[in-house]
Amino acid sequence: MFKCGRSNRMKKIESKKVAYLLNFIAICIFFGILMILFKKEVFGSRTSYFQGICTTACYTIIMVASLNLLTGFMGEFSLGHAGFMSVGAFSSAILTNYLAESGIPSFVLFLMCLLVGGIAAGITGIAVGVPALRLRGDYLCIVTVAFAEIIRVAFCNFKITGGGKTMSGITRLSNFYWVFWVMVICVTIMYMYVRSRYGRTVMAIREDYIAASASGINVTYYKVLTFTISAFFAGIAGAIYAHYMTAIIPTNFNFNYSAEFLTEVIIGGTGSLTGSVIGAAFLSALPELMRQFSNYRMLAYSIVLVLVMIFKPSGIFGTYEFSLVRVINRLLGKSTTGSTASKKTVQEVE
Amino acid sequence: MGAATEPVLKAVHLGISFGGLKAVSDFSIEIGESELFGLIGPNGAGKTTVFNLLTGVYQPTEGGFYLNGEKMNGKKTHQVVEAGIARTFQNIRLFKKMTALENVKVAMNMKMKYNLVDAIFRTPTYWAEEKAVEEKALELLKVVHLEDKADTVAENLPYGQQRRLEIARALATHMKLLLLDEPAAGMNPTETAELLDIISVIRNHFKISVLLIEHDMSLVMKICEKIQVIDYGETIAFGTPEEIANHPRVIEAYLGKDEEENEC
Amino acid sequence: MSLFIQSIVNGLNQGAIYALIALGYTMVYGIIRMINFAHGDFIMVGAYTLFYTIPLMISAGMPAWLAVIIAIVICSVIGVMVEVIAYRPVRRSGSMSALITALAMSVFLENLAMVLFGANPKSVPAIFNLPAVEILGAKLQLKYLLTLGIGILIMVGLQLFVKFTKLGKAMRAVPQDKQAATLVGIKVNKIITTTFAIGSGLAAVAALMYCSTYPRCTTDMGSMMGLKAFIAAVLGGIGVIPGAMIGGLIVGLVEIFVKVYIAPGWYEAITYSILIIVLLIKPSGILGKNVGEKV
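Just so it is clear, the model here is predicted, and its values are computed rather than measured.

Brief notes about the overall build of chain A
Now for step 1: In terms of regular secondary structure, chain A is built from 13 helices and zero strands.
Now for step 2: When the elements of chain A are put in sequence order from the N terminus, they spell out α-α-α-α-α-α-α-α-α-α-α-α-α.
Now for step 3: The globule rule puts the C-alpha radius of gyration for 350 residues at 20 Å, and the 21 Å found for chain A is close to it.
Now for step 4: Taken along the three principal axes of its C-alpha coordinates, chain A extends 65 × 55 × 45 Å.
Now for step 5: A burial count over chain A gives 52% of its 350 residues as buried.
Now for step 6: Within chain A, counting contacts between residues at least 6 apart in sequence, those at least 24 apart form 83% of the total.

See below:
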């Protein structure tokens, strides 16, 4: 049993900093392995194909993790996340088309794209969140669908977004090496958000919003803030998507695409960023690797989803977060002391 | 009544009606510093509605209320809490899946200053403030005798401890007035005695006023300095415990009629 | 003028289809407070059933619309299966689990249809061979009026059923208090299953009407139709049977009028805006009652 030792608790800050460093090193090693695999062309002629899968996995991870901020930590379901993704995709694509011949180095242009995509989606997030978040539960869920559909219809009608036709010829800026680090940074920021007073507040709202407001929390503010941050990252994912696919059409970002992300969040585990990362990576890579079964992908998803709902409603990972420190401690035979909840750390890639 | 100083809470002719039905009417009260005030009445008398009015859950349709002279009408719940009125709930409302420590930390959020940038980059401000909050939260848990349960998930605590955790959470908001909604409901005599202990420590140590709703007359009689009795949303008696005990209308309200089991 | 009258008739026709689907949403929501996302896909099931059975009917020398009976049976069976296999096990674990399961069932049905019938649209043979008449210079399809008539008839029938039959009364009792309903001898699960059977059966009728207007079926026809019908149900007041009819007709009329007179590309956006506005201003809809949360 844990006895409340003051010094024990205070030591934790130092150990947390060490944990951050360890995780960072682990990510670097993971990235290094992938880079060597790709550079040495271990997969031969299929190298670029595997790189493509990894890129897809990266932006899916950002989408799923950002949706998990809402679903897992705030406890509200959004079925319109693809709408924010499309805002990011189209706004950044318009920017690159505009700056195509300006001679800006492509890395700088890429960063500008991410920023513009994220900010545009974030602003949309505020515009949607302020009215929509007055609702909760299934009504909120259905209103997010409505907003996403309105965004889709708008993009189908605006001339600047292709007027309902495919917007093609977008410069290909997203490559795996950049996208990987963007993903790492995005997930890290989300993790830091969740493990701070902000995340604590948002989780309290999820547990009981009446008690939260009776504890002096401005419920609306924190909900809109989280919604906006979630939309911001969806916009970044959209910007990556647009500059990876090089051709986008508004109808791609439909209800079914949103539902796919929500499915991945729930199967991975609501309230676990580890679950989101692993779930999204796995679920987006697997069907690519088994092309001949691609028709059955969503069918399988839906069956898994029903089974998860019946047998483990919190998802495969639940609220579990992978902790490298814990694993190392166990390997070294040290007993894991202290609490679990406050010292969990996540490792972004595994 | 402390005539010279401003009362901590002053409510004047407070009233609310739902669809023409008056739930509370003409409710006036004055609570001085460190005073322990009891609000009693039969089931369905409107006690919890009074609490909901005083915490901004409902907006009064008549009258107003003031905290240290500051007008509270029209404020939202979180603003009222920020001004200094905190409460507990009759049917415990904890953040069930969070630990006891986290429950208390949540209520300290509004006093915390670090911003998103501090949180994301884990600046020294972040670490310093998180550390301070942790220490403070542990202290508050100690006040309600829960320091060894800091890392227990709230829903796993026994009933009596959950009630105490709710008090610790309310304390974390730095309030001047604490509203306790039937804090001893469902407790056994030992737990009730411990609770009374805690309430008196809170009063003396933190210098706050307490307004207490309680069903158990004997408990109220024992600890409260002043008691107000309401029935059908109206104040029917006010005074010291002795005065209340012999008040004819109180006896009538409690014994004269059978009330339906319907708390509002 | 003729365009105006034609738009009204088209709108009412469209609205009647929405209304019939909305009835299914409203009945299910009214009884277990759950948005049955899969309801829209029951229409798809009904449409494919019609696609395969109408030729059989015609070759057997019977009128094509009789195929709807088979469709009703199949839709009801699938509706009940979805309820028993997927929804019942999660009913106790909260509204969010139910919502996700419903979403999963919707995805499941759609993709199952994709695997079974392929992604290409199928064209359904003509169902009603009714002439068009001319009124005030407008060409009116009689089958449109028939659709509207069927819609109103079913709505009235359903309302009478819920008001006056024993089963209907039980249906109204269950959402009030499940435990109390059990105490007075109502078999709650049976009532819920019956509700699903009726709602899904209505979806088959809606499929018939849809196919007589737009003679084709696709695997994803259900989800968007379902969403709009849900909007109709919310607009009218979810859980209220006449509300579904009113909501459906309003949504249908608004869509057609926006399409014809205002901005053809934007009509869907207007429908979704209706939902947002209704939910923000009066979430209980036109005929519903407000309920707040107790503190």
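Okay, back to it.
Some remarks on the sheet that holds strand β1 (residues 9-18) of chain B
Sheets are built from strands that pair by backbone hydrogen bonding, the pairs being arranged parallel or antiparallel.
Residue and element names in this part refer to chain B.
Now for step 1: Strand order in this open sheet of four strands is β2-β1-β4-β5, and the pairing throughout is antiparallel. Among the strands making up the open sheet, the edge pair consists of β2 (21-31) and β5 (70-71).
Now for step 2: In this structure, strand β4 (residues 62-67) lies alongside β5, joined through two bridges in antiparallel fashion. Within β5, the residue paired with L67 across the bridge is E70.

Here we look at helix α2 (residues 39-59) of chain C
Residues and elements named next belong to chain C.
Now for step 1: For α2, which comprises 21 residues, the first-to-last C-alpha distance of 31 Å matches the rise-based estimate of 30 Å (1.5 Å per residue) to within 8%.
Now for step 2: By the largest-angle criterion, T53 marks the main kink of α2, which is about 35°, and a proline, P55, follows within four residues.
Now for step 3: Most of α2 sits inside the fold, with 15 of its 21 residues counted as buried.
Now for step 4: Taken from the residues just after α2, G61 is the one with a positive phi, measuring 80°.

Comments concerning the sheet that holds strand β9 (residues 226-231) of chain B
All names here are of chain B.
Now for step 1: What the six strands build is an open sheet, ordered β6-β7-β8-β3-β9-β10; its pairing is mixed. Strand pairing shows two members of the sheet lacking a second neighbour, β6 (85-87) and β10 (234-239), which therefore form its edges. Going from strand to strand, the sheet's axes swing by 20° on average, the running direction of each strand aside.
Now for step 2: Pairing of strand β3 (residues 36-40) with β9 involves four bridges; the strand directions are parallel. Within β9, the residue paired with I40 across the bridge is V229.

Some remarks on the packing of α2 of chain C against helix α4 (residues 95-117) of chain C
All names here are of chain C.
Now for step 1: Look at α2 against α4: their axes get within 9 Å of each other, and the N-to-C directions meet at 25°. Comparing the axis directions of α2 and α4 gives the class roughly parallel. Seen from above, α2 lies across α4 with left-handed handedness. Contacts between α2 and α4 involve G40, D41, M44, V45 and Y48 from the first element and S106, L109, E110, A113 and F117 from the second.
Now for step 2: A breakdown of the residues in the contact of α2 with α4 according to their chemical character gives six nonpolar, two polar and two charged.

A closer look at the packing of helix α3 (residues 81-99) of chain A against helix α9 (residues 219-245) of chain A
All names here are of chain A.
Now for step 1: For the pair α3 and α9, the least separation of the axes is 6 Å and the interaxial angle reads 55°. Classed by the angle they form, the pair α3 and α9 counts as oblique. Judged by the sense of rotation from one axis to the other, the crossing of α3 with α9 is right-handed. Two secondary-structure elements touch here, α3 through H81, F84, M85, S86, V87, G88, A89, S92, A93 and T96 and α9 through A231, A234, G235, I236, A237, G238, A239, Y241, A242 and H243.

Things to note about the interface of chain A and chain C
Now for step 1: At the junction of the two partners, chain A supplies 34 residues and chain C supplies 34 residues.
Now for step 2: Ranked by residues supplied to the side of chain A that touches chain C, first place goes to helix α5 (residues 137-157) of chain A with 14 residues.

Some thoughts on the domain arrangement of chain B
Residue and element names in this part refer to chain B.
Now for step 1: When cut into domains, chain B gives domain 1 (1-84 + 177-190 + 209-264) and domain 2 (95-174).
Now for step 2: Spacing between the C-alpha centres of domain 1 and domain 2 amounts to 28 Å.
Now for step 3: Between domain 1 and domain 2, the contact holds six residues from the first and six residues from the second.

Thoughts on the pairing of strand β7 (residues 177-181) of chain B
All names here are of chain B.
Now for step 1: Judged by how many residues are buried, β7 sits mostly within the fold: five of five residues are covered.
Now for step 2: Of the two faces of β7, the one lined by L177, L179 and D181 and the one lined by L178 and L180 are each fully buried.
Now for step 3: Here three bridges tie β6 to β7, and the two strands are oriented parallel to one another. Of the residues in β7, the one forming a bridge with I85 is L177.
Now for step 4: Sheet topology places β7 next to strand β8 (residues 209-213); five bridges connect them, and they run parallel. Its bridge partner lying in β8, L178 is registered against V210.
Now for step 5: In this fold, the crossover linking β7 to β8 by way of helix α7 (residues 189-206) has right-handed handedness.

Quick notes on the rules
Residues numbered from 1 in each chain as written. Chains lettered and ligands numbered in written order. Predicted model: local features only at pLDDT ≥ 70, side-chain atom pairs only at ≥ 80, totals over all residues. Helix = DSSP H or I, 4+ residues; strand = E, 2+ residues; numbered from the N terminus. Rg over C-alpha atoms; globule rule 2.2 N^0.38 Å. Buried ≥ 20, exposed ≤ 12 C-beta atoms within 10 Å, placed from the backbone. Contact = placed C-beta atoms within 7 Å. Pairing = 2+ DSSP bridges. Expected span 1.5 Å × (residues − 1). Bend = angle between axes of the 7 residues up to and from the residue. Axes fitted to C-alpha atoms, helices over the stretch in contact; angles between N-to-C directions. Parallel < 35°, antiparallel > 145°, perpendicular 65-115°, else oblique. Left-handed = near helix turned anticlockwise from the far one by under 90°. Nonpolar A, V, L, I, M, F, W, Y, C, P; charged D, E, K, R; others polar. Domains from an automatic or database assignment. Right-handed = clockwise from strand over helix to strand, strands pointing away.

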